[in-house]
Amino acid sequence: MSTNTANKKGRIITGMRPTGRLHLGHYLGVLKNMVKLQEEYECFFFVADWHALTTKFDCTENLVEDTRNVVLDWLAAGIDPEKSDIYIQSHLPQTAELHIYLSMITPQNWVERDPTLKDLAKMLRTGEDETKPNVSYGFLGYPVLMSADILSFNVDYVPVGIDQVAHIEITRDIARRFNNIYKTELFKEAKPLLTTTPMLKGVDGQKMGKSFHNDIKISDDEETTTKTVMKAITDRSRARRDDPGHPDKCEVAFEYWKAFATEEQVKKVQQECIAGKRGCADCKRELAAIINEQLKPIRERRKYYEQHPEIVDEIIKKGDENARIAAEEVLSKIRKAVGMFQL
Ligand code: TRP
Ligand code: SF4
């Protein structure tokens, strides 16, 4: 963590569940934003491995690897351990403790009303195994645990996607309720900082995701990336190479051009496509080269950290430690506010 926090605009926290290697959708939508924010704010970034357990308590065989991969992708994308603290949620007992205090004051119907949680529960219910108890006590506590993550640091902002805003609303409600009940002004009301970049589609035009096999991973090599980009959907109405194309109907490839290339490059592609002077295969090969070029330093960084797991361990240890110091400072005030016996 930067020791100089005086000129920062406030404190930020955000977490990510360890669900596997991150793809370009994550990179453009979330990681780039995190990298930028670390210049202006005091940042805590954590892997939400306890949140992973709320739905996947019975398949933990990849949990360690998935957790490590999130950290590797973050470091690769440019999260700088000198500027930000990266920690693992389950390494911070203060969050678990705060979760208990918050769970006592959170009305049951607040969590039952959480729309994001309802959607998640529906997905669990449509799962394969009918006998599996789908909504556990811990699962219902999802937004409360998230509130504990956020309030352990009493942050100003929480960068999240739109689907997480409902949880942040609950966090603000819980913070207000805590302040009311214990007659304190301890908790700030953390504001969501919306990740604005639109979602990048998968190469097949569906939502990008690993389960659809339509994504490009940050950790993919150049060859794999090129192969995947070549599968990208183009203007479906175009039959021959010299037919005039419609970039605005080029569902995926042209969208990627806009996401990764300069305005000038995009304009050139657009003009040549409309004039029938650009074949889709060549167009995508060129696009793949541009994407690979942009990912080059990221992949090199990832390789470096993959080859030096001891450095990654040190980064996490340092992050855990700094997070513990910051959270303990808040927790000591919380215990006092609640009225716990302390020696
Ligand atoms: N629920 C978030 C997600 O699935 C992850 C998360 C857990 C989080 N705790 C958080 C995000 C606290 C921001 C702040 O993406
Ligand atoms: Fe899309 Fe490029 Fe083909 Fe035009 S030439 S339709 S922009 S892939």
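Residues numbered from 1 in each chain as written. Chains lettered and ligands numbered in written order. Predicted model: local features only at pLDDT ≥ 70, side-chain atom pairs only at ≥ 80, totals over all residues. Heavy atoms only, no water.

**Considering empty space enclosed by the protein**
In this approach the atoms are scanned with a rolling probe the size of a water molecule, which exposes any empty space left behind. Note the cut-off: A cavity here means a set of 1 Å grid points, computed over protein atoms only, where a 1.4 Å probe fits but cannot escape. A pocket is an open set with protein on both sides within 12 Å along at least 5 of 7 lines, and lining residues have an atom within 4 Å of a point. Grid points are joined across faces, edges and corners, and a volume is the space filled by probe spheres set on the points. To qualify as a helix, a DSSP run of H or I must reach at least 4 residues; to qualify as a strand, a run of E must reach at least 2; elements of each kind are numbered from the N terminus. Each residue receives one of three labels: charged for Asp, Glu, Lys and Arg, nonpolar for Ala, Val, Leu, Ile, Met, Phe, Trp, Tyr, Cys and Pro, and polar for the others, Gly being one of them.
Scanning all chains against the criterion turns up one cavity of 30 Å³ or more. Each pocket or cavity is described by its volume, and for the largest cavity that value is around 100 Å³. Lining the largest cavity are 14 residues; nearest its centre among them are Cys250, Val269, Cys273, Cys280 and Cys283. Breaking the lining of the largest cavity down by element, the ones donating at least two residues are α11 (253-260), α12 (263-274) and α13 (280-307). Grouping the amino acids of the lining of the largest cavity by side-chain chemistry returns nine nonpolar, one polar and four charged.

**Some remarks on the side chain of His51**
Basically, it comes down to this: Here, residues are in contact when the closest pair of their heavy atoms is within 4.5 Å.
Mapping His51 onto the fold places it in helix α2 (residues 49-56). Aside from chain neighbours lying at most four places away, what touches His51 is Arg17, Gln89, Tyr142, Leu145, Met146 and Asp149.

**Considerations on the pattern of salt bridges**
The line we're drawing: Any Lys or Arg side-chain nitrogen found within 4 Å of a carboxyl oxygen on Asp or Glu counts as a salt bridge. Three exposure classes are used, based on accessible area relative to the maximum for each residue type with a 1.4 Å probe and protein chains only: buried under 20%, partly exposed in between, and exposed over 50%.
Scanning the model with the defined rule gives 24 salt bridges in all. The closest approach of N and O atoms between Asp243 and Arg240, which form a salt bridge, is 3.6 Å. Lys317 is the partner of Glu314 in a salt bridge, and the nearest nitrogen-oxygen pair spans 3.7 Å. Of this pair, Glu314 and Lys317 both sit in helix α14 (residues 309-338), three residues apart, which is roughly one turn of that helix. Judged by its relative accessible area of 47%, Glu314 is partly exposed. Beyond isolated ion pairs, a larger network of salt bridges with shared partners links Arg172, Asp173, Arg176 and Glu189.

**Some thoughts on the environment of Pro159**
Here Pro159 is to be found in strand β4 (residues 157-160). In this structure the C-alpha to C-alpha distance between Pro159 and Thr195, which are 36 residues apart in sequence, comes to 6.4 Å. Filtering out sequence-adjacent residues up to four positions away, Pro159 remains in contact with Ile12, Ile13, Thr14, Asn33, Leu37, Leu193 and Thr195.

**Re α12**
Put simply, the rule is: Multiplying one less than the number of residues by 1.5 Å gives the expected span of a helix. Think of the arc as the fan of directions from the helix axis to the C-beta atoms.
The end-to-end C-alpha separation of α12 is 17 Å, in line with the 16 Å expected for 12 residues at 1.5 Å each. Among all positions in α12, only Val266, Val269 and Cys273 are buried. Buried positions in α12, seen along its axis, are confined to an arc of 65° and lie on one side of it. In α12, the exposed positions angled more than 90 degrees off the buried face are occupied by Glu263, Glu264, Lys267 and Gln271. For α12, the secondary structure elements touched by its buried residues are α11 and α13.

**Brief notes about the site of ligand 1**
Put simply, the rule reads: Note on definitions. A residue lies near a molecule or strand when any single heavy atom of the residue is within 4 Å of it. For this analysis, a polar contact is any N or O atom pair within 3.5 Å, provided that within protein one partner can donate a hydrogen and the other can accept it, and provided that sequence-adjacent residues contribute only side-chain to side-chain pairs. Here the Shrake-Rupley method, with its probe set to 1.4 Å, supplies the accessible areas, and only the displayed protein chains count as covering residues.
Taken together, the neighbourhood of ligand 1 is formed by 13 residues, with Arg17, Tyr142, Met146, Asp149 and Gln164 sitting nearest. In the environment of ligand 1, an oxygen atom lies 2.9 Å from a nitrogen or oxygen atom belonging to the side chain of Arg17. Burial of ligand 1 by the protein amounts to 92% of the accessible area it has alone, namely 360 Å². Elements with a minimum of two residues in the shell around ligand 1: β1 (11-16), α8 (142-151) and β4. Here the shell around ligand 1 is composed, by residue class, of seven nonpolar, four polar and two charged.

**Structural notes on the domain arrangement of the protein chain**
Formally: Note that the domain bounds were set by an automatic or database domain assignment. Summed over both partners, the accessible area lost on bringing two parts together, with a 1.4 Å probe, is the buried area.
Annotation of the protein chain at the domain level lists domain 1 (11-200 + 309-338) and domain 2 (220-300). For domain 1 and domain 2, the distance between their C-alpha centres works out to 36 Å. Facing six residues of domain 1, the contacting portion of domain 2 comprises six residues. Roughly 580 Å² is buried in total at the junction of domain 1 and domain 2, and carbon and sulfur atoms are behind 81% of that figure. Per-residue buried area on domain 1 facing domain 2 is highest for Leu24, Ala76 and Leu200; these three make up 63% of the total on that side. On inspection of domain 1 and its partner domain 2, the count reaches zero salt bridges. Counting the contacts that link domain 1 with domain 2 gives zero residue pairs in polar contact (both at pLDDT 80 or more). Elements that contribute at least two residues to the side of domain 1 that touches domain 2 include exactly α1 (24-40) and α3 (63-77). Here the side of domain 1 that touches domain 2 is built from residues that sort into six nonpolar, no polar and no charged.

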